[in-house]
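Now for the letters of each chain:
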Amino acid sequence: MLHQSPQPALATGEPLQELSFRRGVIDCIPTLLGYLSIGFACGVVGKTAGLSVIEIALLSLFLYAGSAQFIVAGMIAAGSPAIPIIVTILFVNLRHLLMSAAMVPFFRQYSLWKNVGLGAQLTDETFGVAIGKLQENQKHADRWMLGLNMTAHANWIAANVAGAIMGAWIMDPQAFGLDYALPAMFVGLLVMQVGSRNPLRTDLIVAACSIGVFIGLAHYISGSIAMIVAAVLAAGLGVLIEHDNRD
């Protein structure tokens, strides 16, 4: 009688689910409410800044970054020229380098261009879902990631367009708290990530390091650069702590 090899398991002891495009779509569903609310707020803010529905749709298609799109709307409303807007977006979105680097072990078996395509749609939310789902050398990880990415991106575009259309009747987004939507989403993501991890002590040390470095540097350099430096140093500290704990 043949014996089947045991199915690989996650750190929690649960068996790995078979990955597929459909599975990626399903796994994206819990994040859709956040995409719809933040995307709608982003569309409204863009509309009140003077952007057209087409411009907002194109930003959601090609820029595809909530924080960056809020920044674009604010800087356009303030009359900023194009170059400062581009440079600011570049610095704000440098965190994607860190997220992409963390995803490398799960997609190293695929071609460069496939990785570029999957990485181009990576967001904070899809990263959070993927980093807790994927294991190294899983089959069809590319299909699963594509399903996750496309579902998230389609909902983001739809929410932005809906917000842009409705924005014609919402003159003051702050009156409805829409300007707080993005920080609230990141707070929710942070709580979920910390709550699902065991080494809470490490997370608290990393958080304290990040806050301390940011406060110390913000007096001497711009807030965007201080935030990036703080994130990199704190993440490096977290890696060192976890490496020492494993040893």
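Remember, it's a predicted structure, so these values are computed and weren't measured experimentally.

Calculation notes
- Residues numbered from 1 in each chain as written.
- Predicted model: local features only at pLDDT ≥ 70, side-chain atom pairs only at ≥ 80, totals over all residues.
- Heavy atoms only, no water.
- Helix = DSSP H or I, 4+ residues; strand = E, 2+ residues; numbered from the N terminus.
- Buried < 20%, exposed > 50% of the residue type's maximum accessible area, 1.4 Å probe, protein only.
- Contact = heavy atoms within 4.5 Å.
- Areas by Shrake-Rupley, 256 points an atom, 1.4 Å probe, with all protein chains shown as cover.
- Expected span 1.5 Å × (residues − 1).
- Patch = residues over 30% accessible without salt bridge, like charges linked within 9 Å, V, L, I, M, F, W, Y side chains within 5 Å.
- Salt bridge = Lys/Arg side-chain N within 4 Å of Asp/Glu carboxyl O.
- Core = buried A, V, L, I, M, F, W, Y, C linked by side-chain atoms within 4.5 Å.
- 1 Å grid on protein atoms, 1.4 Å probe; cavity = no way out; pocket = protein on both sides within 12 Å on 5 of 7 lines; lining within 4 Å.
- Points joined across faces, edges and corners; volume = space filled by probe spheres on them.
- Nonpolar A, V, L, I, M, F, W, Y, C, P; charged D, E, K, R; others polar.
- pLDDT = per-residue confidence, 0-100.
- Polar contact = N/O pair within 3.5 Å; in protein donor to acceptor, adjacent residues only side chain to side chain.
- Axes fitted to C-alpha atoms, helices over the stretch in contact; angles between N-to-C directions.
- Parallel < 35°, antiparallel > 145°, perpendicular 65-115°, else oblique.

With that out of the way, let us pick up the overall build of the protein chain. Tallying secondary structure elements over the protein chain gives twelve helices and zero strands in all. Secondary structure elements of the protein chain occur, N-terminal to C-terminal, as α-α-α-α-α-α-α-α-α-α-α-α. For the protein chain, buried positions account for 36% of its 247 residues. A separation threshold of at least 6 residues defines the contact pool for the protein chain, and within that pool the share at least 24 residues apart is 77%. Of the roughly 14500 Å² that the protein chain leaves accessible, carbon and sulfur atoms contribute 69%.

Here we come to helix α4 (residues 66-77). With twelve residues, α4 extends 17 Å between its outermost C-alpha atoms, agreeing within 8% with the 16 Å of an ideal straight helix rising 1.5 Å per residue. Those residues of α4 lying buried are Gly66, Ser67, Ala68, Gln69, Phe70, Val72, Ala73 and Met75. Gly79 sits one or two residues past α4 and shows a positive phi near 80°.

Where nonpolar side chains cluster on the molecular surface, the patch consists of Ile54, Leu58, Leu61 and Phe62 and spans about 430 Å² of accessible area. Within the element layout of this structure, Leu58 appears in helix α3 (residues 53-63). Accessibility expressed as a relative area gives 42% for Leu58, which makes it partly exposed.

Attention shifts here to the nonpolar core. Membership of the largest hydrophobic core comes to 28 residues, with the highest contact counts inside it found for Met103, Phe107, Ala130, Leu134, Trp144 and Met145. Of all the elements in the fold, those that place two or more residues in this core are α2 (32-48), α4, α6 (95-107), α8 (124-133) and α9 (141-166). By size, the runner-up hydrophobic cluster in this structure holds six residues, among which are Ala65, Ala68, Met75 and Ile85.

Here the focus is the pattern of salt bridges. Applying the stated criterion to the full structure yields four salt bridges. Here Glu136 and Arg108 are joined by a salt bridge, their closest N and O atoms 3.9 Å apart. Of this pair, Glu136 sits in the loop between α8 and α9 while Arg108 sits in the loop between α6 and α7 (112-120), and the two are 28 residues apart along the sequence. Each member of the salt-bridge network shares a partner with another, and the members are Arg23, Asp27 and Lys133.

The full count for this structure, using the stated rule, is two cavities of 30 Å³ or more. The space that makes up the second largest cavity amounts to roughly 40 Å³. As for the second largest cavity, its lining consists of Cys42, Gly46, Leu51, Ile56, Leu59, Gln69 and Asn160. Looking at the lining of the second largest cavity residue by residue, the classes come out as four nonpolar, three polar and no charged.

Attention now goes to unusual backbone geometry. Not every positive phi belongs to a glycine, and Tyr64 is a case in point at roughly 50°. By the secondary structure assignment, Tyr64 is in the loop between α3 and α4.

The predicted coordinates should not be examined in detail at positions where pLDDT is low. Residues with a pLDDT of 70 or more make up 78% of the protein chain, whose mean pLDDT is 80. Under a pLDDT of 50 for its full length, residues 1-15 has, in the predicted model, eleven contacts with residues more than four places off or in other chains.

In this section: the side chain of Glu125. Within the secondary structure layout, Glu125 lies in helix α8. Here the side chain of Glu125 touches Thr123 through a polar contact of 3.2 Å, side chain to side chain.

On to the packing of α6 against α9. At a minimum axis distance of 10 Å, the contact between α6 and α9 shows a crossing angle of 140°. On the basis of the axis angle, α6 is oblique to α9. The segment α6 lies against α9, with Met103, Phe106 and Phe107 engaging Ala141, Asp142 and Met145. When grouped by side-chain class, the residues that make up the contact of α6 with α9 number five nonpolar, no polar and one charged.

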